[in-house]
Amino acid sequence: MDDSEIISMFFKRDERAIEEARRRYGSICRAAAENILGRGEDADECVSDAFLAAWESIPPQRPAALGAYLGKTARNLAINRLRAMRAQKRGGGEAEAVFDEMSTVVHGAPSPEAAAERRELLRAVNGFLASLPPERRGMFVCRCWYFDSISDIARRYGRSENYVSVSLNRTRAKLRKYLIERGFDV
């Protein structure tokens, strides 16, 4: 069953849509949530919440890519749960390492101009990612979006962990330089 058929089921309020979406995208959503949280039980709850959120938002939303929509929802729910866990002095997963790594590239600036600057920053980062060779772009996205571990990325791309680590460090350094050249305060 393809995405358009599953989305049509959501629009018809057919509860089988959730089952079909979970069958097709459940493992991707769970991997993203577990990489962030580091705990299977919390990841499972985020995935369930993501499918519930999809049920509540489709319709009126009609995502162009259901997998990306569900993955982003699960990821955002996991990040929110991680923030709550950190507030309670608990934590874990790959997220902490990724946040530390990326803090050398971009820092937050809560100001009235923040929303406009974030849109510009997003455009710049997308432009940077488009300029990368596919393997480097894939590694960077796996680490910074899906919070995959260095060892998981190395296995996925058939590279050594050292190669992946060096590649990611170089990509972050290039991103930082790219953003500075475009006038961003990083």
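Above this text is the structure in question.
Residues numbered from 1 in each chain as written. Predicted model: local features only at pLDDT ≥ 70, side-chain atom pairs only at ≥ 80, totals over all residues. Heavy atoms only, no water.

Student: So what exactly am I meant to see when it comes to the nonpolar core here?
Tutor: As a rule of thumb, soluble globular proteins bury nonpolar side chains together. Residues V164, L168 and L179 are the most contacted members of the largest nonpolar core, which totals 20 residues. Among the elements of the structure, α6 (114-131), α7 (134-144), α8 (150-157) and α9 (161-181) are those that each provide at least two residues to this core. If near-sequence neighbours (up to four positions away) are discounted, L168 is found in contact with M139, F140, R143, I150 and I153. (Core = buried A, V, L, I, M, F, W, Y, C linked by side-chain atoms within 4.5 Å. Buried < 20%, exposed > 50% of the residue type's maximum accessible area, 1.4 Å probe, protein only. Helix = DSSP H or I, 4+ residues; strand = E, 2+ residues; numbered from the N terminus. Contact = heavy atoms within 4.5 Å.)

Student: How do you make sense of the pattern of salt bridges when you look at a structure like this?
Tutor: Pairs can form between side chains of opposite charge once their charged atoms are near each other. Taken as a whole and assessed by the stated rule, the structure comprises 12 salt bridges. In this structure, the salt-bridge partner of R30 is D44, at a minimum N-O distance of 2.5 Å. With R30 in helix α2 (residues 16-37) and D44 in helix α3 (residues 40-57), this residue pair connects regions lying 14 residues apart in the sequence. Exposure remark for D44: the relative accessible area of 35% places this residue in the partly exposed category. The residue R182 makes a salt bridge to E181 at a minimum N-O spacing of 3.6 Å. (Salt bridge = Lys/Arg side-chain N within 4 Å of Asp/Glu carboxyl O.)

Student: What exactly am I supposed to notice about a nonpolar patch on the surface here?
Tutor: On the surface, a nonpolar cluster with roughly 250 Å² of combined accessible area is contributed by I28, W145 and Y146. Examined against the element boundaries, W145 turns out to sit in the loop between α7 and α8. Under the relative-accessibility criterion, W145 is labelled partly exposed at 31%. (Patch = residues over 30% accessible without salt bridge, like charges linked within 9 Å, V, L, I, M, F, W, Y side chains within 5 Å. Areas by Shrake-Rupley, 256 points an atom, 1.4 Å probe, with all protein chains shown as cover.)

Student: Would you mind going over the packing of α2 against α3 with me for this structure?
Tutor: To describe two helices that pack against each other, one gives the angle between their axes and the distance between the axes. Running from amino to carboxyl end, α2 crosses α3 at an angle of 135 degrees, the nearest separation of the two axes being 8 Å. With respect to each other, α2 and α3 are oriented oblique. Along this stretch, α2 crosses α3, giving a crossing that reads as right-handed. Of the residues in α3, those touching α2 at I18, A21, R22, Y25, G26, C29, R30, A33, E34 and L37 are G40, D42, A43, D44, C46, V47, S48, F51 and W55. Of the residues contributing to the contact of α2 with α3, the split by class is 11 nonpolar, three polar and five charged. (Axes fitted to C-alpha atoms, helices over the stretch in contact; angles between N-to-C directions. Parallel < 35°, antiparallel > 145°, perpendicular 65-115°, else oblique. Left-handed = near helix turned anticlockwise from the far one by under 90°. Nonpolar A, V, L, I, M, F, W, Y, C, P; charged D, E, K, R; others polar.)

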